[in-house]
Every structure is written in C-alpha cells, then in structure tokens.
Amino acid sequence: AQFAEYLKRGSYYRPLVQSILKKNNIPTYFYYLALIESGFKTNARSNRACVGTWQFGASTGRRYGLRITNQVDERMDPIRSTIAAAKYITDLRNVFNSWYLALAGYNAGEGRIMNAIMKGGTRDFWELAHRGILPKETRQYIPKFIAAVLIGTHPEQYGMSDASVAPMPAIVSVPVPSPLPLSSIATATGLSIDEIKTLNPGLLHNATPGFSSTYRIWLPQSASEKFASLALLKRSHGHHETLATADDDTSNYRVRKGDTLKSVAHRVGMRVKDLRALNGLT
C-alpha cells in the first residue's frame, strides 16, 4: 500500500523528472531512485538530516548549487533538486564507471565506496556485495532499487492498479522581485497561494527569500500572459527593500526603541503577517 502511494505521488513529477535525467544522459529509470529515497514527499526528512525528494544532506546539497537558508530550502524543490541530483549522479558515474556503483555511492557516499573498491580490488558491485565489503544497507539498496523499477514499470503484474494522477502542468521559471509576499504574486497571476506553494515547496514562508533582489519561482506556463504584471511588482512593492532580511544587509530596516511588528508593518506599508513571514518570525 505504501509503495502504491509512492507511485501515485511520483506520477505527478515523473515526466518532468525523467526529462531532466534524459537531458543529462542518465537512464530515465533513475526516477525510481528518488522514489525509494523519499516516496516523492517533498518535505521528507531522514534521521540523518537528509531532506527533500532526493534526500540531500546540507553539505552535498550546497555543493551542487542548492540554497539552504531559514527562508528557503531548495532540497525540497523537486525541480532544482532533480537538476542537482543529475549532476551528482553524473559525477558518481564518472568516478566509478558503473551505474550500480553510482547508486551505491549515492547511498553510502563516494568515500566509502572508493574504500571498498580499494579493499576488494574490483569495481564489480555484485562481487563487492557478495564478499561483504560494502555496508549492509548498501548491499540491499541496489536490489531494492531494481525491485522498484520492475514493480513501477509493470504494476499490474505485481497486483497493483495504475493509480497515476495528472502530471505537473507545463511550468516556466519566472524571476520576481524579492523579498515579496506570495499573496502579491497570487494577486498578479490569479493563482492561489496554495497553488504557488505546491509548485515551489522549497519556500519556507509565504514569501520569496531576501538574499537577492530577485528570485526565480516556478509558475504554470498557462499563466504566461500574466507574467508581465510581475515586473510591476518591483515598483508597487519597492518598500519591501526596507525590510530586515536574514541574508542581505543592504536591505535592512533598523528596529528602533519602542517598535512593534504592527508599527514597523505600518511604517513600510505591509501587513503584519507578511512582515512576520519575510523575517521568519513566529
């Protein structure tokens, strides 16, 4: 039942994920790597502090270009994290010259796999597994992956019905002024905040992050005729640049004695809940 739920949830992302893998010359069945890592739950978190669809640790995520702050965690962005995972898998394949060992490296870390190769004197995954040189979890990981591919490709042969959902709509990357409340983007595009957050689960608050003057978000291509209005948000929300942000010292509002959230919000022309979201306050 749990695997069926994974297949159903993953079917929403599958076409896009596989297109990114194909573009990076990675077999499209590596889609199932994310499926066994997270079940395509974007906010999945392991007991080893790995996060998101592809279960990146913070250091590996940052190494492959994912931003992780108190305002955004791009490990939870299924598109950005898939692009990062494709780069990581490509590097692992280049190091080990084996898709099986690339999978093993993804699970255990490239250092442990390299040590196992040196100890065993072979790059044959099955030989290393048979001799018990690889960690037990890694020895079981590749058979688990293969089983996921077989069942996911032909679910009806394994007593599962096809419970696919409609795939993610065609989307585009749109630069918007930042920081900016999602309510403003919703007003400009006609989308709901929930629709925006579904496409951008890496946003930790109801606002875009403030570490740069713009931030690219994912929006449906079908709303493209409304994108032009987003450019006007910079002007209509220029006062946002006076707000305090966690990562950009050039856009701080210096809190004065006697200030409250309500008084600061009034001063900069914002709602209290938007000010709270932009600054990560409870």
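Residues numbered from 1 in each chain as written. Predicted model: local features only at pLDDT ≥ 70, side-chain atom pairs only at ≥ 80, totals over all residues. Heavy atoms only, no water.

### Brief notes about the overall build of the protein chain
Here's step 1: Per the secondary structure count, the protein chain includes 14 helices and two strands.
Here's step 2: Per-residue burial for the protein chain yields a buried fraction of 48% across its 282 residues.
Here's step 3: Across the protein chain, every contact between residues at least 6 apart in sequence was considered, and the portion connecting residues at least 24 apart equals 60%.
Here's step 4: Total accessible area on the protein chain stands at roughly 14300 Å², and carbon and sulfur atoms take up 52% of it. (Helix = DSSP H or I, 4+ residues; strand = E, 2+ residues; numbered from the N terminus. Buried < 20%, exposed > 50% of the residue type's maximum accessible area, 1.4 Å probe, protein only. Contact = heavy atoms within 4.5 Å. Areas by Shrake-Rupley, 256 points an atom, 1.4 Å probe, with all protein chains shown as cover.)

### Details of the packing of helix α3 (residues 31–38) against helix α9 (residues 136–153)
Here's step 1: Interhelical geometry of α3 versus α9 gives an angle of 110° and a closest axis separation of 9 Å. Classed by the angle they form, the pair α3 and α9 counts as roughly perpendicular. Taken as a pair, α3 and α9 cross one another with a handedness that is right-handed. Residues Tyr 32, Leu 33, Ile 36 and Glu 37 of α3 pack against Tyr 141, Lys 144, Phe 145, Ala 148, Val 149, Gly 152 and Thr 153 of α9.
Here's step 2: Residue composition of the contact of α3 with α9, by class: seven nonpolar, two polar and two charged. (Axes fitted to C-alpha atoms, helices over the stretch in contact; angles between N-to-C directions. Parallel < 35°, antiparallel > 145°, perpendicular 65-115°, else oblique. Left-handed = near helix turned anticlockwise from the far one by under 90°. Nonpolar A, V, L, I, M, F, W, Y, C, P; charged D, E, K, R; others polar.)

### Considering the side chain of Ser 98
Here's step 1: Tracing the backbone through its elements, the reader meets Ser 98 in the loop between α5 (78–96) and α6 (99–108).
Here's step 2: The class of Ser 98 is buried, set by a relative accessible area of 13%.
Here's step 3: Of the polar contacts made by the side chain of Ser 98, one reaches the backbone nitrogen of Leu 101; its length is 3.1 Å. (Polar contact = N/O pair within 3.5 Å; in protein donor to acceptor, adjacent residues only side chain to side chain.)

### Re the packing of aromatic side chains
Here's step 1: In total, this model carries 17 aromatic pairs according to the counting rule given.
Here's step 2: Both rings, one in Tyr 29 and one in Phe 30, keep their centres 5.6 Å apart while their planes meet at 25°; by these two values the pair is stacked.
Here's step 3: For Phe 30, a relative accessible area of 1% puts it in the buried group.
Here's step 4: Taken together, the ring pairs in this structure connect Tyr 12, Tyr 13, Tyr 31, Tyr 32 and Phe 40 into an aromatic cluster.
Here's step 5: Sitting over the ring of Trp 99, Arg 93 keeps its end group 4.9 Å from the ring centre. (Phe/Tyr/Trp six-rings, centres within 6.5 Å; stacked < 30°, edge-to-face > 60°. Lys NZ or Arg CZ within 6 Å of the ring centre and 35° of its normal.)

### Quick word on the pattern of salt bridges
Where charged atoms from two side chains of opposite charge approach closely, those side chains can pair.
Here's step 1: The tally for this structure, following the rule as stated, stands at eight salt bridges.
Here's step 2: Taking the shortest distance from any N to any O, the salt bridge between Glu 74 and Arg 80 comes out at 3.5 Å.
Here's step 3: With a closest N to O distance of 3.8 Å, Glu 127 and Arg 131 form a salt bridge.
Here's step 4: Owing to a relative accessible area of 33%, Glu 127 belongs among the partly exposed residues under this scheme.
Here's step 5: For Arg 131, a relative accessible area of 42% translates into the label partly exposed.
Here's step 6: Within this structure, Arg 67, Glu 74, Asp 77 and Arg 80 form a network of salt bridges that share partners. (Salt bridge = Lys/Arg side-chain N within 4 Å of Asp/Glu carboxyl O.)

### Quick word on the packing of α6 against helix α7 (residues 110–120)
Here's step 1: Viewed as axis vectors pointing N to C, α6 and α7 meet at an angle of 125°, and their least axial separation amounts to 7 Å. With respect to their mutual orientation, α6 and α7 come out oblique. Here Leu 101, Ala 104, Gly 105 and Ala 108 of α6 lie close against α7, whose contacting residues are Glu 110, Arg 112, Ile 113 and Ile 117.

### Notes on the environment of Ile 79
Here's step 1: Mapped onto the secondary structure, Ile 79 falls in helix α5.
Here's step 2: Given a relative accessible area of 5%, Ile 79 falls into the buried group.
Here's step 3: A C-alpha to C-alpha distance of 9.0 Å links Ile 79 and Asn 200, two positions 121 residues apart in sequence.

### A look at helix α2 (residues 14–23)
Here's step 1: Listed in full, the buried residues belonging to α2 are Val 17, Gln 18, Ile 20 and Leu 21. The buried residues of α2 all sit within an arc of 155° when viewed along its axis, so they share a single face. Residues of α2 that are exposed and angled more than 90 degrees away from the buried face: Lys 22 and Lys 23.
Here's step 2: Looking at the buried positions of α2, the neighbouring elements they touch are α3 and α5.
Here's step 3: Looking one or two places after α2, you find Asn 25, whose phi comes out positive at around 60°. (Arc of directions from axis to C-beta.)

### Description of the nonpolar core
Here's step 1: One finds Tyr 32, Leu 33, Leu 35, Trp 54, Phe 56, Tyr 106 and Ile 113 to be the most contacted residues of the largest nonpolar core, which totals 52 residues.
Here's step 2: Counting only elements with at least two residues in this core, the list comes to α1 (2–11), α2, α3, α5, α6, α7, α8 (125–130) and α9.
Here's step 3: Counting 14 residues, the second largest nonpolar core, distinct from the first, contains Val 72, Leu 182, Ile 196 and Tyr 215. (Core = buried A, V, L, I, M, F, W, Y, C linked by side-chain atoms within 4.5 Å.)

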